[in-house]
Amino acid sequence: MSNLFKKAIVMTDLHLGLKSNSILHNDDCLNFMKWAAELGKKEGCDTCLFLGDYHNNRSTVNVLTLKYSLNILEMLGKTFDSVYFI
């Protein structure tokens, strides 16, 4: 049986769009994810697992917050061999 990955970084509860789609909060989220991705690669992780609460509000997503979401997803996709969102 083969494993899904060798080593993974696991994150949760980013809550993009919190505080009325605060740019400061979204910048903090982006900077955290950049830091976490760099740390994951440094530690030899080939996979990223995100376990929920990516957006703070799932029924409506602000366009600016959506841009942060896409930037983070693109960065994770370029950093890791596999990215799983649950």
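Scroll up to find the structure.
Just so it is clear, the structure is predicted and the values come from calculations on it, not from any experiment.

Draft legend 1. Broad picture of the nonpolar core. The biggest cluster of nonpolar side chains holds 18 residues, and the ones touching the most others in it are Leu-14, Met-33, Ile-72 and Leu-76. Secondary structure elements with two or more residues in this core: strand 1 (8–11), helix 2 (23–42), strand 2 (47–50) and helix 3 (63–79). Broken down by element, the residue count for this core peaks at five residues, all from helix 2. Discounting chain neighbours no more than four positions away, the residues touching Met-33 are Met-11, Leu-14, Phe-50, Ile-72, Met-75 and Leu-76.

Draft legend 2. Spatial organisation of the environment of Ala-37. Tracing the backbone shows Ala-37 in helix 2. For Ala-37, a relative accessible area of 3% gives the class buried. Along the backbone, Ala-37 and Arg-58 are 21 residues apart, and their C-alpha atoms lie at a distance of 24 Å. Excluding its chain neighbours within four sequence positions, the residues that come into contact with Ala-37 are Met-75, Leu-76, Thr-79 and Phe-80.

The rules behind each value
- Position labels on residues start from 1 in each chain and follow its written sequence.
- Restriction of local features to residues with pLDDT of at least 70 applies here, the model being predicted, together with a cutoff of 80 or more for giving and counting side-chain atom pairs; totals for whole chains, interfaces and linings are based on all residues.
- Based on all heavy atoms of the structure, the side-chain values leave hydrogens and waters out of the count.
- Among buried residues, the Ala, Val, Leu, Ile, Met, Phe, Trp, Tyr and Cys ones that are joined through side-chain atoms within 4.5 Å form a nonpolar core.
- Residue exposure (1.4 Å probe, protein chains only): buried if accessible area is under 20% of the type maximum, exposed if over 50%, otherwise partly exposed.
- The secondary structure listing takes helices from DSSP runs of H or I that are at least 4 residues long and strands from runs of E that are at least 2 residues long, numbered from the N terminus.
- In what follows, a contact means two residues having at least one pair of non-hydrogen atoms within 4.5 Å.

From the geometry alone we can't say anything about function, so treat these as descriptive.
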